[in-house]
Amino acid sequence: METLIVTYYNYLGQAMPESANGPGVYGTSAGGETLTAPAGPSSVDGNGGGDRLVGSSGDNTFYVRDPHDVVDVSAGTGGTKTVVAYTSFTLPANVQNLTSSGTYNYAAGNGLDNLIKVGNDGETLYGAGGNDVLVGGFANDTFVVKAGEGSDVIYGFHAGDTIRLVSPSLTSFQAVQSAMSQVGSDVSIRISTGEQLIIRNTTVGQFKASDFLLPLNRSQLGASTLDDEFNSFQPYNFSTHQGLWRTDFGLGRDNPDTYTLRNNGEQQAYVTADYQGSSGHALGYNPFSDSNGVLTITAQPFKASDLQSTFGATYASGMINTRGIFQQQYGYFEIRAELPTAHGAWPAFWMVPDKNTQGVEADITENIAINPNIDFVRAYGGGSASFANVLKTGDISGFHTYGMLWTPSTVTFYYDDQAVFQAPTPAAWNQPMYLIANFAVGGFGGTPDASAFPDTFKIDYIRAYGLADGSSVVEHLTPTAQDTLPGGGSSDATAGDDNLQAGSGATEIHAGAGNDTIAGWSGGDYLTGDDGNDVINGGSGFDRTNGNAGNDTIHGAAGDDWVSGGKNDDVLYGDDGQDIVNGNLGNDTVGGGIGEDTVRGGQGDDVVNGGAGNDWLSGDLGNDTMSGGAGADTFRAFAGGGNDRITDFTASEGDRIAVDHGSAYTVGQVGSDTVITFSGGGEVVLAGVQMSSLPQGWIFTT
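Residues numbered from 1 in each chain as written. Predicted model: local features only at pLDDT ≥ 70, side-chain atom pairs only at ≥ 80, totals over all residues. Heavy atoms only, no water.

## So, the overall build of the chain
In terms of helices and strands, the chain carries one helix and 61 strands. In terms of overall size, the chain behaves like a compact globule, its C-alpha atoms giving a radius of gyration of 27 Å where 702 residues would be expected to give roughly 27 Å. Counting only C-alpha atoms and orienting by the principal axes, one finds that the chain spans roughly 85 × 70 × 45 Å. For the chain, with 702 residues in total, the buried portion stands at 53%. (Helix = DSSP H or I, 4+ residues; strand = E, 2+ residues; numbered from the N terminus. Rg over C-alpha atoms; globule rule 2.2 N^0.38 Å. Buried < 20%, exposed > 50% of the residue type's maximum accessible area, 1.4 Å probe, protein only.)

## Re unusual backbone geometry
Along the chain, glycine 40 connects to proline 41 via a cis peptide bond; the corresponding omega equals 5°. With respect to the helices, strands and loops of the structure, proline 41 is situated in the loop between β2 (34–36) and β3 (42–45). Note the cis peptide between phenylalanine 453 and proline 454, where omega equals 5°. Assignment of secondary structure puts proline 454 in the loop between β36 (433–441) and β37 (455–467). Residues other than glycine seldom take positive phi values, yet asparagine 47 does so here, at roughly 65°. With respect to the secondary-structure elements, asparagine 47 resides in the loop between β3 and β4 (52–54). In this structure asparagine 47 comes out as partly exposed when scored by relative accessible area, which is 27%. In this model, tyrosine 330 sits at a positive phi of 70°, which is unusual for a non-glycine residue. Its location among the elements puts tyrosine 330 in the loop between β27 (326–329) and β28 (331–338).

## Looking at the pairing of strand β55 (residues 634–637)
Burial of β55 is two-sided: the residues Thr634 and Arg636 facing one way and the residues Phe635 and Ala637 facing the other way are all buried. For β55 and strand β57 (residues 656–659), the ladder comprises four bridges, and the chain directions are parallel. The residue bridging alanine 637 from the neighbouring strand is valine 659, located in β57. (Pairing = 2+ DSSP bridges.)

## Quick look at the nonpolar core
Ile320, Ile335, Met351, Met404, Trp429, Ile459 and Ile462 are the most contacted members of the largest nonpolar core, which has 58 residues in total. The biggest single contributor to this core is β37, with six residues. Every residue in contact with methionine 404, bar those within four places of it in the chain, is listed here: Gly331, Tyr332, Phe333, Met351, Ala362, Ile364, Val411, Thr412, Phe413 and Trp429. Judged by nonpolar contacts, the second largest core, of 38 residues, contains Leu53, Leu91, Phe143 and Leu165. (Core = buried A, V, L, I, M, F, W, Y, C linked by side-chain atoms within 4.5 Å. Contact = heavy atoms within 4.5 Å.)

## Here's the deal with the domain arrangement of the chain
Domains assigned within the chain are domain 1 (24–218) and domain 2 (491–701). One C-alpha centre belongs to domain 1, the other to domain 2, and the line joining them spans 42 Å. (Domains from an automatic or database assignment.)

## A look at the sheet that holds strand β17 (residues 180–183)
Pairing is mixed across the open sheet formed by 11 strands, whose spatial order is β1-β3-β5-β7-β9-β11-β13-β15-β19-β18-β17. This sheet does not close on itself; its edge strands, each paired only once, are β1 (24–26) and β17. Strand after strand, the sheet turns through a mean of 15° between neighbouring axes, direction not considered. Pairing between strand β7 (residues 81–85) and strand β9 (residues 97–100): four bridges, direction parallel. Looking across to β9, one finds that valine 84 is bridged to threonine 99. (Axes fitted to C-alpha atoms, helices over the stretch in contact; angles between N-to-C directions.)

## Comments concerning the pattern of salt bridges
Counted according to the given criterion, the structure contains 15 salt bridges. In this structure, aspartate 72 engages arginine 52 in a salt bridge whose closest nitrogen and oxygen atoms are separated by 2.7 Å. Taken together, the residues span a long stretch of sequence, with aspartate 72 in strand β6 (residues 70–72) and arginine 52 in strand β4 at a distance of 20 residues. Of the charged contacts, one joins aspartate 227 and arginine 463 as a salt bridge, the two residues approaching to 3.7 Å between their closest N and O atoms. Taken together, the positions of aspartate 227 in strand β21 (residues 221–228) and arginine 463 in strand β37 put the pair 236 residues apart, joining distant regions of the chain. The network of salt bridges with shared partners includes Arg600, Asp620, Arg636 and Asp660. (Salt bridge = Lys/Arg side-chain N within 4 Å of Asp/Glu carboxyl O.)

## Concerning the sheet that holds β2
Here three strands make up an open sheet; going across it, the order is β2-β4-β6 and the pairing parallel. The strands lining the two open edges of the sheet, one partner per strand, are β2 and β6. Direction aside, neighbouring strands of the sheet carry axes that sit 20° apart on average. Pairing between β4 and β6: three bridges, direction parallel.

## Considerations on the side chain of threonine 124
Within the secondary structure, threonine 124 sits in strand β12 (residues 124–126). Residue contacts for threonine 124: discarding those within four places in its chain leaves Asn105, Tyr106, Ala107, Thr142, Val144 and Leu391.

## Structural notes on the pairing of β57
Pairing of β57 with strand β61 (residues 699–701) involves three bridges; the strand directions are parallel. Each bridged residue has a counterpart across the sheet, and for valine 659 the counterpart in β61 is threonine 701.

## Structural notes on the environment of glycine 78
Among the structural elements, glycine 78 can be located in the loop between β6 and β7. The exposure class assigned to glycine 78 is partly exposed, which follows from its relative accessible area of 38%. Considered as a pair, glycine 78 and glycine 40 are 38 residues apart in the sequence and their alpha carbons are 9.5 Å apart.

## Some thoughts on the environment of methionine 626
Mapped onto the fold, methionine 626 is located in strand β54 (residues 625–627). In this structure the C-alpha to C-alpha distance between methionine 626 and asparagine 582, which are 44 residues apart in sequence, comes to 14 Å. With sequence-adjacent residues up to four places away left out, methionine 626 is seen in contact with Val608, Leu617, Ser618, Gly619, Phe635, Asp644, Arg645, Ile646, Thr647 and Asp648.

## Focus: the side chain of threonine 545
Relative to the helices and strands, threonine 545 is located in strand β45 (residues 544–546). Not counting the four nearest positions on each side in its chain, threonine 545 is found in contact with Leu527, Ile536, Ile554, Trp562, Val563 and Ser564.

## Comments concerning the packing of aromatic side chains
This model, assessed by the stated rule, comprises 28 aromatic pairs. On the basis of an interplanar angle of 45° and a centroid distance of 6.4 Å, the ring pair of phenylalanine 333 and tryptophan 406 is categorised as tilted. Highlighted residues: phenylalanine 333 in strand β28 and tryptophan 406 in strand β33 (residues 399–406), separated in sequence by 73 residues. Neither residue differs from the other here; phenylalanine 333 and tryptophan 406 are each classed as buried. (Phe/Tyr/Trp six-rings, centres within 6.5 Å; stacked < 30°, edge-to-face > 60°.)

## Quick look at the environment of glycine 31
Structurally, the position occupied by glycine 31 is in the loop between β1 and β2. Glycine 31 sits 124 residues away from tyrosine 155 along the chain, and the two C-alpha atoms are 36 Å apart.

This is how it looks when you write it as structure tokens:
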């Protein structure tokens, strides 16, 4: 078969040089290797693990398979250098070309004239400086083009692609149309004096407004509906009904879920200076300070002497929200903030309805310090989701703005007043939502680097505006100190042994003391056993269940449920649906059941079972025994997590080990078992597994 060779041309019609093929040098999957390409044409492939790939004279091709691979090319080596990346990648100095493959990856250039090509996965292409050529694939790609960075060319543009066009002179689609001209079979857009964007094989008439992401048009905005410049911090006072911000989730002082979202794997409690946990006295952690018009939220580890009182949290941090105070449907919502940099940091600015509806959420921005140049934006609409991993360009340090324009038809996300992602407004966004800004630790943010804390999340302002057309619904409310979900049912608990039944609507039940039996129903229920050895059975909807203190038995039943054990030794089952099951404190037995579940042991020596489906399992702390069951399961492993044993690891079913970033490890054969040993303490034993039988990719770093 003859290979089709395509030549790509820059804006001047000059062919872009590409690297010739040649013999290669290959590393091992162990990582930490330095591999030098032979004199070109040649290639070098680290084979994963995080390696240093060094260039030489002539054409070189570097295969990057790990986010920690480094490509090092000295000036003056000559030839054309190409990186073939299977992860997000930014070209280093002295490398001209980049070929990228991987869903939601970004492929970014440097100051040279780059040729950047992507596969068919839906990626972001950004040439940066120089006169670049960007080649898209068959999926929906985003092309980032900025005035002042040269004249770029786009190949492969089609319906579903978007162009993030950053130009002070092009702030509307009408302005873009005026700057367009047809040049043969191509469209030229004048983006600034002396610079143009060429889009190959297109016509002026085929383009529409939704093909472009442009700067924010503030003429769409109406009056301000909320503006806190943080000249002084305004926590809400339930006695005087003054203030703007609540600092917890309002589920009661003794309820751990008042202070965190534990089912996200978060390790912090959201506290104030009077936070007691279970101690009965203020622990003395105040995350909030205000100076020069900036609210600073500080996250820091709890002292070891306080950990017994923090409901399992290991960090103290802060959160502000307007639940029951301010909520709005349609408008523009914006924060200006400087983000923390410690690994494990997970700051966010988001919105949800009150009462919370499963899967309905607007993530205006989520950021994780382990991946600082990505802005995670999400529009969750119950059964649907639109989202993007947005590449932040330029200097990402210091303060930046993050915003969301919500209209009846579209939702558009912004970074520094520039649109970065747009999607149809989810049908489930049919009511006002309130604002939350928080500094989480762990979970999606990864394993915290304790040595990098305390760290800070700084907020300059939070603002909201209505829409100029008057369609916004704005509500300024008066909250109560503790909220419950209406729904009927026998939710009146006593200090004894109660038998409590949820109603047909969304019901919140706190059973209190005693050995209680609680049953959910068809609504989305919140069921907590509190003290005692309780039995909780969820209903057919989305249920949040928590045993709290005592040796509890909990079944999530049908639906996608959150099941948490709390303290002591619990037995937990997710049952049907895509469940999140967390043993938390104690020596627990936890099972996901049928569906793609997230199953965590928490602290203590736990038994963790995935059940049927493709599950994610973590023993967390302690010496745990895990089994994935049927399906392609992912087992989390990390240094210091204890001595864990996996009884049914089956690579042929797609089982894999996900090692936390920063955890150094070795793999060896010990008798009939494969053993992963961490330099920071702990091990994971794959019982009855021969290391020689494991395929490439069975273990990877997150």
